[in-house]
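Observations on the three-dimensional arrangement
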Amino acid sequence: MVLLSAGLLSSCGEYNNVLKSTDYEYKYEAAKAYFAKGQNSKAATVLEELIPIMKGTRFGEESLYMLAMTYFNQGDYVTASHYFNTYYTTYPRGIYTELARFNSGKALYLDTPEPRLDQSSTYKAIQELQMYMEYFPGTERHETAQNMIFELQDKLVEKEYLSAKLYYDLGSYTGNMSQTSTGNNYLAAVVTAQNILKEYPYTKLREDLSILILRAKYDMARESVLEKKEERMRDTIDEYYAFKNEFPESKYSKEVETIFKEASKFVGSVEEDY
């Protein structure tokens, strides 16, 4: 991208002259100069006017990509992604097509919210980055795109983990398995956590999800009616062995052993059975 000397446009009066000018090539060079100086807002204002006029000319492709970059540089990532998307759709074999696809995904990645909030934009960012990797496999940005996807997936896992933990916490204070909501809350915690592990088996929260399943199964068994207690304690003990096998040096080892000890009191001949 060849840029005009950045020293040409230094005054507000000159900027107003640029806006009023009908010399579109001059305005285009001015926009490039503003962009080079980091005056992205000014560059964007001029380029917004020029885009429809420059389309189909030798300046059209560069001006559209540059407009996307001005919004990216200002931190308006949704608008930036929109223009990057417009660029690679309009110029599928353009000079900046790879960068536009990558930056569209990166912009959405940077715009994603914290895990507690709605994650619709996170799914969209993952999709955009996956599309980049499909269109441009083996590029120098491939690993960066993959790492961003992993981070976004971790955010989705954390969102679901918080939901599973909420179910568990809701079940932990009613203390009476005769209440249907309690059983559903513990069971919902188990099912939610298990589904996360199936979908994201390599998540960094795997150990935390696994202990949540064990806790929920134990508490559900502990608060069960008598005729269901032994069966559910056996299920808890099965879960204990699965946890110990996968996490022999777990940070939750003390808690896990306590659960096993307590669950074993309700099950006859545990040592022989296991």
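Right above here is the structure, for reference.
Residues numbered from 1 in each chain as written. Predicted model: local features only at pLDDT ≥ 70, side-chain atom pairs only at ≥ 80, totals over all residues. Heavy atoms only, no water.

Brief notes about the overall build of the chain
- Each helix and strand counted, the chain has 13 helices and zero strands in total.
- Secondary structure elements in the chain, listed N-terminal to C-terminal, are α-α-α-α-α-α-α-α-α-α-α-α-α.
- Out of the 274 residues belonging to the chain, those deemed buried represent 45%.
- Roughly 14700 Å² of accessible area belongs to the chain as shown, and the carbon and sulfur atoms make up 50% of that amount. (Helix = DSSP H or I, 4+ residues; strand = E, 2+ residues; numbered from the N terminus. Buried < 20%, exposed > 50% of the residue type's maximum accessible area, 1.4 Å probe, protein only. Areas by Shrake-Rupley, 256 points an atom, 1.4 Å probe, with all protein chains shown as cover.)

Brief notes about the pattern of salt bridges
- Across all of its chains, the model carries 16 salt bridges by this definition.
- Its salt-bridge partner being Arg215, residue Glu255 comes within 2.6 Å of it at the nearest N-O pair. Of this pair, Glu255 sits in helix H12 (residues 253-264) while Arg215 sits in helix H10 (residues 206-222), and the two are 40 residues apart along the sequence.
- Shared partners join several salt bridges into a network, and the residues in it are Glu98, Glu140 and Arg141. (Salt bridge = Lys/Arg side-chain N within 4 Å of Asp/Glu carboxyl O.)

Things to note about the packing of aromatic side chains
- Tallying each qualifying case throughout the model produces 17 aromatic pairs.
- Relative to Phe260, the ring of Tyr240 has its centre 4.2 Å away and its plane inclined at 15°; by these criteria the two rings are stacked. With Tyr240 in helix H11 (residues 226-246) and Phe260 in helix H12, this pair connects stretches of sequence that are 20 residues apart. Accessibility assignment for this pair places Tyr240 and Phe260 in one class, buried.
- Three or more aromatic residues joined by ring pairs make a cluster, and in this case those are Tyr65, Phe72, Tyr77, Phe84, Tyr87, Tyr91 and Tyr96.
- Lying across the ring of Tyr88, Arg101 places its NZ or CZ 3.9 Å from the centre.
- A cation over an aromatic ring shows up here: Arg101 above the ring of Tyr135, its NZ or CZ 3.9 Å from the ring centre. (Phe/Tyr/Trp six-rings, centres within 6.5 Å; stacked < 30°, edge-to-face > 60°. Lys NZ or Arg CZ within 6 Å of the ring centre and 35° of its normal.)

Quick word on the environment of Met54
- Following the sequence through the fold, Met54 ends up in helix H3 (residues 40-54).
- Relative accessible area serves as the criterion here: at 4%, Met54 is assigned to the buried category.
- When near neighbours in sequence (up to four residues on either side) are disregarded, Met54 contacts Tyr24, Glu25, Tyr28, Phe59, Gly60 and Ser63. (Contact = heavy atoms within 4.5 Å.)

Examining the nonpolar core
- Within the largest apolar cluster, 32 residues are counted, with the highest numbers of intra-cluster contacts made by Tyr65, Leu67, Phe84 and Tyr87.
- Counting only elements with at least two residues in this core, the list comes to helix H1 (12-20), helix H2 (24-36), H3, helix H4 (60-73), helix H5 (77-90) and helix H6 (97-111).
- Examining the composition of this core, we find that eight residues originate from one element, H4, more than from any other.
- Listed in part, the 30 residues of the second largest apolar core include Ala145, Ala193, Leu212 and Met220. (Core = buried A, V, L, I, M, F, W, Y, C linked by side-chain atoms within 4.5 Å.)

Structural notes on the packing of H3 against H4
- Between H3 and H4, the least distance of the axes is 9 Å, while the angle of their chain directions is 150°. Here H4 runs roughly antiparallel to H3, going by the angle between their axes. Both H3 and H4 take part in a crossing whose hand is left-handed. Residue-level contacts link Asn40, Ala43, Ala44, Leu47, Glu48, Ile51 and Met54 of H3 to Gly60, Ser63, Leu64, Met66, Leu67, Met69, Thr70, Tyr71 and Asn73 of H4.
- For the contact of H3 with H4, the residue count by class is 10 nonpolar, five polar and one charged. (Axes fitted to C-alpha atoms, helices over the stretch in contact; angles between N-to-C directions. Parallel < 35°, antiparallel > 145°, perpendicular 65-115°, else oblique. Left-handed = near helix turned anticlockwise from the far one by under 90°. Nonpolar A, V, L, I, M, F, W, Y, C, P; charged D, E, K, R; others polar.)

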